Amino acid sequence: GAVAVAAGSVLDARSGATLDVKGRLSGGKGGDVSLRAGTPEVEGAANGALAMDAQLRGYGMTGGGTLTIERDGVVQIGGAREAAADGALWLDPAMLR
């Protein structure tokens, strides 16, 4: 199958925090986000496409989560977008901060 995350979407896996009555602050680790398209475990694997134009958030007070991207094809992070392989998923490195 295919995964399409439309412009304006937000995948938010941030953790929360609490401030108790004694003034102690505690918080958790950001959650993990996995996007899988066209992998053997996904139905219609040979035709899987992954289109992403969203904000991803996975940070927390005690650390960030992970981002896993799996697809049947090339994933390119950075470099010239125009030079990316035909059909490649190109990601701006600034998105991964």
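Notes on the structure follow. (Residues numbered from 1 in each chain as written. Predicted model: local features only at pLDDT ≥ 70, side-chain atom pairs only at ≥ 80, totals over all residues. Heavy atoms only, no water.)

**So, the overall build of the protein chain**
At step 1: Counting secondary structure elements, the protein chain contains zero helices and 10 strands.
At step 2: Going residue by residue from the N terminus, the α and β elements of the protein chain occur as β-β-β-β-β-β-β-β-β-β.
At step 3: Residue burial in the protein chain is summarised as follows: out of 97 residues, 20% are buried.
At step 4: Roughly 6300 Å² of accessible area belongs to the protein chain as shown, and the carbon and sulfur atoms make up 51% of that amount. (Helix = DSSP H or I, 4+ residues; strand = E, 2+ residues; numbered from the N terminus. Buried < 20%, exposed > 50% of the residue type's maximum accessible area, 1.4 Å probe, protein only. Areas by Shrake-Rupley, 256 points an atom, 1.4 Å probe, with all protein chains shown as cover.)

**Quick look at a nonpolar patch on the surface**
At step 1: Taken together, the side chains of Leu67, Val75, Ile77 and Leu96 present a nonpolar region at the surface, about 300 Å² in accessible area.
At step 2: Considering the arrangement of structural elements, one finds Leu67 in strand S8 (residues 67-71). (Patch = residues over 30% accessible without salt bridge, like charges linked within 9 Å, V, L, I, M, F, W, Y side chains within 5 Å. Salt bridge = Lys/Arg side-chain N within 4 Å of Asp/Glu carboxyl O.)

**Side note on the pattern of salt bridges**
Pairing between side chains of opposite charge can happen when the charged atoms of each approach one another.
At step 1: Taken as a whole and judged by the stated rule, the model has three salt bridges.
At step 2: Put simply, Asp20 and Arg24 hold a salt bridge, and the shortest N to O gap is 2.8 Å.
At step 3: For Asp20, a relative accessible area of 30% corresponds to the partly exposed category.
At step 4: Measuring nitrogen to oxygen at the nearest pair gives 3.5 Å for the salt bridge that ties Glu70 to Arg36.

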